[in-house]
Amino acid sequence: MTNSYDDLRLIGIAWRLDRLRWVPRAALTELVQRDGFCMWPSPADERPPGHEHPLTDAELAALLCAGCPVQDECLELELRAEGEHTLGVWGALSQDDRRELHPHWLRRGERAEDTEGGDAW
C-alpha cells in the first residue's frame, strides 16, 4: 500500500509521461533500443562496491537506469506493453512501483494506437 507521498510521486510521473501519449509504440521502441543504457554492454558485475547482498529491484533500477536519456520512453513503452503485469526493471522503476503507477497512468487518458499490430518488441 502506498502512502500519500508515494501517490503524489506516482501521479507526478504519470503526468510527466503525458508528453509521450501520442508517440507511436514503434517510435518508442526505436528510441529505447537505440539510446537506452540497458541496451549497451555493461560490466559483468552489476553490484556496486560494498554490496554483499543481492540488489533489490529498486536498487537495480537506480543502478542500471542512472542517467539514461530515455527513462520516460522506456517506462511509457513498458506500461503500454505489459500494464499491470509488468516484470523486471523498466524506466528506472521497480515492478512494484510500476504496478502502483499503472492506475494513475491509466487515468491520464488514451494513448496512441498501434498501427503495425502485434508487439513492437
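Reading the values: the criteria
Residues numbered from 1 in each chain as written. Predicted model: local features only at pLDDT ≥ 70, side-chain atom pairs only at ≥ 80, totals over all residues. Heavy atoms only, no water. Axes fitted to C-alpha atoms, helices over the stretch in contact; angles between N-to-C directions. Helix = DSSP H or I, 4+ residues; strand = E, 2+ residues; numbered from the N terminus. Parallel < 35°, antiparallel > 145°, perpendicular 65-115°, else oblique. Contact = heavy atoms within 4.5 Å. Nonpolar A, V, L, I, M, F, W, Y, C, P; charged D, E, K, R; others polar. Core = buried A, V, L, I, M, F, W, Y, C linked by side-chain atoms within 4.5 Å. Buried < 20%, exposed > 50% of the residue type's maximum accessible area, 1.4 Å probe, protein only. Arc of directions from axis to C-beta. Left-handed = near helix turned anticlockwise from the far one by under 90°.

**Regarding the packing of helix 1 (residues 4-17) against helix 4 (residues 71-82)**
Then comes step 1: Their axes nearest at 10 Å, the elements helix 1 and helix 4 cross at an angle of 95 degrees. On the basis of the axis angle, helix 1 is roughly perpendicular to helix 4. Where helix 1 approaches helix 4, its residues Ile13, Arg16 and Leu17 are matched on the opposing element by Asp72, Leu75, Glu76 and Leu79.
Then comes step 2: In the contact of helix 1 with helix 4, the residues fall into 4 nonpolar, no polar and 3 charged.

**Regarding unusual backbone geometry**
Then comes step 1: Although it is not a glycine, Ala92 adopts a positive phi angle of roughly 65 degrees.
Then comes step 2: With respect to the element layout, Ala92 can be found in the loop between helix 4 and helix 5 (95-107).

**Observations concerning the nonpolar core**
Then comes step 1: Residues Ile13, Leu17, Leu75, Leu79 and Leu101 are the most contacted members of the largest nonpolar core, which totals 16 residues.
Then comes step 2: For this core, the secondary-structure elements that each account for two or more residues are helix 1, helix 2 (25-35), helix 4 and helix 5.
Then comes step 3: In contact with Leu17, not counting residues within four places along its chain, are Asp72, Leu75, Glu76, Leu79, Trp105 and Arg111.

**A closer look at the side chain of Ser94**
Then comes step 1: One can find Ser94 in the loop between helix 4 and helix 5.
Then comes step 2: When its relative accessible area of 7% is taken as the criterion, Ser94 is described as buried.
Then comes step 3: In this structure Ser94 touches Asp57, Ala58, Ala61 and Gly88, once residues within four positions along its chain are discounted.

**Remarks on helix 2**
Then comes step 1: Buried within helix 2 are the following residues: Arg25, Leu28, Thr29 and Val32. Mapping the buried residues of helix 2 onto a view down its axis gives an arc of 100 degrees, with all of them on the same face.
Then comes step 2: Those residues of helix 2 that are buried lie in contact with helix 4.

**Here we look at the packing of helix 2 against helix 4**
Then comes step 1: Remark: helix 2 packs on helix 4, axes separated minimally by 9 Å, with the N-to-C direction vectors making an angle of 135 degrees. Taken together, the axes of helix 2 and helix 4 lie oblique to each other. In this structure, helix 2 meets helix 4 at a crossing whose hand is left-handed. Mapping the contact onto sequence places Arg25, Leu28, Thr29, Leu31 and Val32 in helix 2 and Glu73, Cys74, Glu76, Leu77, Arg80 and Ala81 in helix 4.
Then comes step 2: A breakdown of the residues in the contact of helix 2 with helix 4 according to their chemical character gives 6 nonpolar, 1 polar and 4 charged.

**Digging into the environment of Ala112**
Then comes step 1: Locating Ala112 in the fold gives a position in the segment after helix 5.
Then comes step 2: Ala112 gets classed as buried once you look at its relative accessible area, which sits at 16%.
Then comes step 3: Those residues in contact with Ala112, other than ones at most four positions away along the chain, are Arg21, Trp22, Val23, Pro24 and Arg80.

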